[in-house]
There are 2 protein chains.
Amino acid sequence: MAAAAPPPPPTPAAITLPDPTPTGQPVFARVRLGTASDVPHIHKLIHQMAVFERLTHLFSATEASLSSTLFTSPPFQSFTIFILEVSPNPFPPTIPPHPLFSPITQMVPLDLPIDDPEKEAFRSHNSGGLDVLIAGFVLFFPNFSTFLGKPGFYVEDLFVRDCYRRKGFGKMLLSAVAAQAVKMGYGRVEWVVLDWNVNAIKFYEEMGAKVLQEWRICRLTGEALQAYGNAHN
Amino acid sequence: MAAAAPPPPPTPAAITLPDPTPTGQPVFARVRLGTASDVPHIHKLIHQMAVFERLTHLFSATEASLSSTLFTSPPFQSFTIFILEVSPNPFPPTIPPHPLFSPITQMVPLDLPIDDPEKEAFRSHNSGGLDVLIAGFVLFFPNFSTFLGKPGFYVEDLFVRDCYRRKGFGKMLLSAVAAQAVKMGYGRVEWVVLDWNVNAIKFYEEMGAKVLQEWRICRLTGEALQAYGNAHN
């Protein structure tokens, strides 16, 4: 990927002031609702996330386990997935749109085209003849604040594939969840971050989030959880 | 409530091995599903929780906001509440039982009767002629682990009124959620605790929970959240 000095970005200024130098490669991005047909891609993305986090020993999801538990309720009522797609071509309008959500599109100017080594594995089923690739996802679901007396959204996972990072796509996905929360009158969006992940913390704080320092997660799982199964039979 | 020596508890042991020494006052406890008719009591309990946590400045829930957001889905699909009731009398069987949950009852022997200063405010609507008082609640909802590929439960609030604490009722409520998770084949029960609350941490660890030290909660709320509402209009 060694290259000469990168070209200037294709800003509106390029229209009124034509610039003879090459102006890079735009990429079109879309955030849309995930559906059951996305499960094979979602499974691959979760596995990549486990590899990235060095937690493959905790990874036991299968396409079957995801299929039986995701997409069983209407979007936003329970577990909900937004899929991030990228394409070299603009996205056509979605017909019919979902009553609660319209896909969000964005044109991202890039200095260099993205070299995606996994093109074939992540081609979108919903590409409609366009060269559409799945680049990431966010999984979220309603939570509840008793103090506010209303719901919010909890973001369980946010993931962008390696070659698409540092281009604003993570922010696009998280902003889509925040915008949906506002649209639905919800009071909060929450997620967790590892305390040593200073880059992520900086990114979240720049998005307006507060990091709560005093709270710790408690988890009952495995055999310790199973022990409660016999208590009230 | 000063009284002569209380009668022995009606345990089977009292029948076969009568004990002449006074052994206290039993209380019968029941964990049942909350319903919309419990909202006024739930609102009072949440307010007491805010007072206990010295967070009344964050308390803005109203009976109306709770009514419009709780009990809008079947139990366990979204926000779900278990109510803890206490009574000096045994609870009759519930007819008809819920297909996914049967109330859990327990007899708790006590050395001294409980003096409840808020009897009138917390008399259960579902008492059925018995002297049933609402003593606490737990609010929880499904969360999702992408690594496990299956749901769990997240416990948002667990609260027992002051005069009923240190008698095992908190454990009874949390155990009921854990037992329900096992029954439904879920993988985890999670909640949060303040890092300085060593008594709570000890209690949770004794119940088998692990406290995750590295994770921090990120929260986007208030004006910082509202700012995202204009992004995609």
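The structure displayed is predicted, hence computed values, not measured ones. (Residues numbered from 1 in each chain as written. Chains lettered and ligands numbered in written order. Predicted model: local features only at pLDDT ≥ 70, side-chain atom pairs only at ≥ 80, totals over all residues. Heavy atoms only, no water.)

The next point concerns the interface of chain A and chain B. Residue-level contacts link 70 residues of chain A with 70 residues of chain B. For the pair chain A and chain B, the two sides together bury roughly 6700 Å², of which 63% comes from carbon and sulfur. When residues of chain A are sorted by the area they lose upon contact with chain B, A:F147, A:R216 and A:R219 head the list and together hold 14% of the total. Along the contact surface separating chain A from chain B lie four salt bridges. The partner of A:D195 in a salt bridge is B:R216, and the shortest N-O contact between them spans 3.4 Å. Between the two partners, chain A and chain B, sit 31 residue pairs in polar contact (both at pLDDT 80 or more). Tallied by class, residues from the side of chain A that touches chain B come to 41 nonpolar, 18 polar and eleven charged. (Contact = heavy atoms within 4.5 Å. Buried area = accessible area lost by both parts, 1.4 Å probe. Salt bridge = Lys/Arg side-chain N within 4 Å of Asp/Glu carboxyl O. Polar contact = N/O pair within 3.5 Å; in protein donor to acceptor, adjacent residues only side chain to side chain. Nonpolar A, V, L, I, M, F, W, Y, C, P; charged D, E, K, R; others polar.)

On to the pattern of salt bridges. Evaluated as defined, the whole model comprises 22 salt bridges over all chains. B:D131 is paired through a salt bridge with B:R123; the nearest N and O atoms lie 2.6 Å apart. Its relative accessible area of 27% is what places B:D131 among the partly exposed residues. B:R123 gets classed as partly exposed once you look at its relative accessible area, which sits at 29%. Through salt bridges with shared partners, a single ionic network connects A:R30, A:R32, A:D38 and A:E85. (Buried < 20%, exposed > 50% of the residue type's maximum accessible area, 1.4 Å probe, protein only.)

The subject of this paragraph is the relation of the copies chain A and chain B. In summary, the two copies of the chain are related to each other by a rotation about an axis coupled with a shift along it. Take chain A, turn it by 180 degrees, move it 0.0 Å along the axis, and it overlays chain B with an RMSD of 0.1 Å. Interpreted geometrically, this transformation is the action of a two-fold axis. Most of the interface of chain A is mirrored in chain B: 100% of its interface residues are interface residues there too. (Least-squares fit on C-alpha atoms with pLDDT ≥ 70 in both.)

A few words now on the packing of aromatic side chains. This structure, assessed with the given rule, holds 30 aromatic pairs over all chains. Taken together, a centroid distance of 5.8 Å and an interplanar angle of 85 degrees make the contact between A:F79 and A:F141 edge-to-face. One end of the pair, A:F79, is in the loop between helix 3 (63-69) and strand 2 (80-87); the other, A:F141, is in strand 4 (residues 133-145), with 62 residues separating them in the sequence. Each of the two residues, A:F79 as well as A:F141, counts as buried. Through a chain of ring-to-ring contacts, three or more aromatic side chains come together here, namely A:F76, A:F82, A:F101, A:F140, A:F153 and A:Y186. One residue, A:R165, lies across the ring of A:F52, its end atom 4.6 Å from the ring centre. The ring of B:F122 carries the charged tip of B:R161 above its face, separated from the ring centre by 4.0 Å. (Phe/Tyr/Trp six-rings, centres within 6.5 Å; stacked < 30°, edge-to-face > 60°. Helix = DSSP H or I, 4+ residues; strand = E, 2+ residues; numbered from the N terminus. Lys NZ or Arg CZ within 6 Å of the ring centre and 35° of its normal.)

With that out of the way, let us pick up the environment of A:D162. All names here are of chain A. Position of D162 relative to the elements: it lies in the loop between strand 5 (150-160) and helix 4 (169-183). Of the residues examined, D162 reaches a relative accessible area of 58% and is grouped as exposed. Between the alpha carbons of D162 and E205 there is a distance of 22 Å; along the sequence they are 43 residues apart.

Residue and element names in this part refer to chain B. Taking 1.5 Å per residue as the helical rise, helix 4 (residues 169-183) with its 15 residues ought to reach 21 Å, and the 21 Å between its terminal C-alpha atoms agrees with that figure. Most of helix 4 is tucked away, with 13 of its 15 residues classed as buried. Of the residues one or two after helix 4, G185 is the one with positive phi, at around 75 degrees. (Expected span 1.5 Å × (residues − 1).)

With that settled, the discussion passes to the pairing of strand 6 (residues 188-194) of chain A. Residue and element names in this part refer to chain A. Burial within strand 6 is extensive, with six of its seven residues counted as buried. Bridging between strand 5 and strand 6 involves two bridges; their strand directions are parallel. Looking across to strand 6, one finds that Y154 is bridged to E190. One crossover worth recording links strand 5 to the parallel strand 6 by way of helix 4, and it is right-handed. (Pairing = 2+ DSSP bridges. Right-handed = clockwise from strand over helix to strand, strands pointing away.)

As a further point, take the confidence of the model for chain A. Residues and elements named next belong to chain A. Confidence in the prediction for chain A averages 87 pLDDT; 87% of positions are at 70 or higher. Here helix 1 (residues 13-16) stands out as the element of chain A with the lowest mean pLDDT, 37, in contrast to strand 7 (residues 210-212), whose mean of 98 is the highest. Across residues 1-22, where pLDDT falls below 50, the model places 16 contacts with residues more than four positions away in sequence or in other chains. (pLDDT = per-residue confidence, 0-100.)

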